[in-house]
Amino acid sequence: MRKPTKPTEPSSPARRDFLGQGGSVLAWAGLASLMGQQGIALGETAPTRLPNFAPKAKRAIYLFMAGAPSQIETWDYKPKLESMFDKDLPESVRSGQVLTGMTAGQARFPIAPSAFKFQQHGRAGHWVSDLFPWTAKVADELAVIKSVYTDAINHEPAILLISTGVMFAGKPAIGAWLSYGLGAINEELPTFVVLTSKMPWTVNVQALSNRLWSSGFLPPEYSAVALRSGVNPVLYLKDPPGVDRGMRRVMLDGVNQLNHHLFERVKDPEINARIGQYEMAFRMQSSVPELIDLSDEPSSTWDLYGERAKEPGTFAYNCLMARRMAERGVRFTQIFLRSWDHHTTLPRAVRLMAEDSDRPTYALVADLKRRGMLDDTLVIWGGEFGRTVYSQGHLTQDDYGRDHHPRCFSMWMAGGGIKPGISYGETDDFSYNIVKDPVHVRDLHATILHQFGFDHDKLTFRFQGLDQKLTGVIPAKIVSELCA
């Protein structure tokens, strides 16, 4: 395994000085992009992007449960609901909330208690659904947040909001912001990587697009590299027949030289990004085959993750890949697991999703812990919003569905300087409204940036006349109670 390289500190000349230094600085900028260092892109206001204080986290692994898992079936235990089966949700609880078109026309809003049991686990005493017997084993590592809320009631804007801080496309993802702020640890692999997992349930599957991991208005080198969920994670990785590495190097040098000449003529910073992308692709021809070669994994790995981790594209395989990438210095890895959108047949569907994801989630946290990596690796688990306590459509004791619910949902974080074994925030007896310690998506973003050493108000990029930031213009707060 290659030894990770230390990120190069960003330079911070004023833009007018940068432009005034002429061709020599332009050559330096091209070289910086070529080597993957943190050069200042033309058109940028050149902030000093060092952390504002000592970071607790060096890298993050975000387990994104796309489609919105129900908090009532997972982390927000509501025992009083057991005696309320099929009773109407009081209007005083709903209090005029805007509903989706899927349930707005219902004559009734019958309460559906969870079909699953909960037990307390660990010294923390977390209430964990019996859907997650494996994750329950690491309960003492988790900080469970039961009071997250969002502004969006439909999937696309909600996923954009929790991914980029806004409900419309074109803004940088959180992984892009961290890549921009901190740069690379290892020049041989991308700083920001996305993995999409195979689905055990294929009803109401939400589409994913690169707008969720784009660099937006940031320079394009901060976008994620999305690895394919198969035996060939990157297409055309091998040199074609008759082209050896030396010839490939000569060809690439020639292309780069043409791009440098073009940059000197038009001064477009996208050209330097293109040079950097070509160079990264060249390096990945060596680093990716080593990354996906699991022959060096001991039998204890398969005892931990299970046999499904040997199947490319499964959630278990992707969790193992995330650990291997964290070891090799990938800054931000995001694993998408879709199909948590359970408007009907929720008990059956959520059980399949949990069976697919529970053991790998536990294995990832436990693996990082035993390797001494959890302290500085932030693990995040959650979806884009919650689900309603009332049933959508048909209701029986063991069959029901739940609609979208933005007012409250549950997430958890572990490692990366987050306090282990705590529960934060509370909802009412119906898991409908927050009654203590609300955490907006903006607050979640501010807290994540804080763990990486950034004041969320100071990690900015000048675009369209505004110092843009992940948390936007509405005030956000760090949830200090979550931070060790």
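Before reading on, note that the structure itself is shown above.
Note that residues are indexed from 1 along each chain, following the sequence as it is written. Two thresholds apply to this predicted model, a pLDDT of at least 70 for residue-level local features and 80 or more for giving and counting side-chain atom pairs, whereas whole-chain, interface and lining totals are computed over all residues. Hydrogens and water molecules were not included; the side-chain quantities draw on all heavy atoms of the structure.

Draft legend 1. Structural view of the overall build of the protein. Helix and strand assignments follow DSSP, with helices taken as H or I runs no shorter than four residues and strands as E runs no shorter than two, numbered in order from the N terminus. Each helix and strand in the protein was counted, giving 11 helices and 17 strands. Any residue under 20% of the maximum accessible area for its type is buried, any over 50% is exposed, and the rest in between are partly exposed; the area is computed with a 1.4 Å probe on protein chains only. Burial statistics for the protein: of 484 residues in total, 56% are counted as buried. Contacts are assigned to residue pairs that have any heavy atoms within 4.5 Å of one another. Summarising the internal contacts of the protein: among those between residues at least 6 apart in sequence, 79% fall at separations of at least 24. Here the Shrake-Rupley method, with its probe set to 1.4 Å, supplies the accessible areas, and only the displayed protein chains count as covering residues. If you sum the accessible surface of the protein, you get close to 19,800 Å²; carbon and sulfur atoms cover 53% of it.

Draft legend 2. Structural view of empty space enclosed by the protein. A cavity, in this analysis, means grid points on a 1 Å lattice covering only the protein atoms where a 1.4 Å probe fits yet has no way out; a pocket is instead an open set bounded by protein on both sides within 12 Å along at least five of seven lines, and a residue lines either one if it has an atom within 4 Å of a point. Grid points are joined across faces, edges and corners, and a volume is the space filled by probe spheres set on the points. The tally for this structure, following the rule as stated, stands at five cavities of 30 Å³ or more. For the largest cavity, the calculated volume is near 60 Å³. What lines the largest cavity is simply Leu195, Leu227, Arg228, Pro233, Ile292, Tyr317, Asn318 and Met321. Among the elements that line the lining of the largest cavity, the one with the most residues is helix H9 (residues 315-327), at three residues. Tallied by class, the residues present in the lining of the largest cavity amount to six nonpolar, one polar and one charged. Gly counts as polar in this scheme, as do all residues outside two lists: the nonpolar Ala, Val, Leu, Ile, Met, Phe, Trp, Tyr, Cys and Pro, and the charged Asp, Glu, Lys and Arg.

Draft legend 3. Looking closely at the pattern of salt bridges. Salt bridges are identified by distance alone: a Lys or Arg side-chain nitrogen within 4 Å of an Asp or Glu carboxyl oxygen. As enumerated under the stated definition, the model contains 30 salt bridges in all. Between Glu73 and Arg402 there is a salt bridge, with its nearest N and O atoms 2.9 Å apart. Linking Glu73 in the loop between strand S1 (59-65) and helix H3 (91-94) with Arg402 in strand S10 (residues 402-405), this pair joins segments that are 329 residues apart in sequence. Here Glu73 and Arg402 have matching classes, each one buried. Between Arg94 and Glu91 there is a salt bridge, with the nearest N and O atoms lying 3.0 Å from each other. In this pair, Arg94 and Glu91 are both assigned in helix H3, three residues apart and thus about one turn of the helix distant.

Draft legend 4. Local environment of helix H5 (residues 174-182). Most of H5 sits out of view: nine of its nine residues are buried. Buried residues of H5: Ile174, Gly175, Ala176, Trp177, Leu178, Ser179, Tyr180, Gly181 and Leu182, and no others. One or two steps after H5, the chain reaches Gly183, where phi turns positive at roughly 75 degrees.

Draft legend 5. How the structure looks around unusual backbone geometry. We note that Asn204 has phi near 55 degrees; this positive angle belongs to a residue other than glycine. Following the sequence through the fold, Asn204 ends up in the loop between strand S5 (192-196) and strand S6 (225-227). A relative accessible area of 34% means that Asn204 is categorised as partly exposed. Unusually for a residue other than glycine, Gln464 sits at a positive phi of about 55 degrees. With respect to the helices and strands, Gln464 occurs in the loop between strand S16 (461-463) and strand S17 (466-468).

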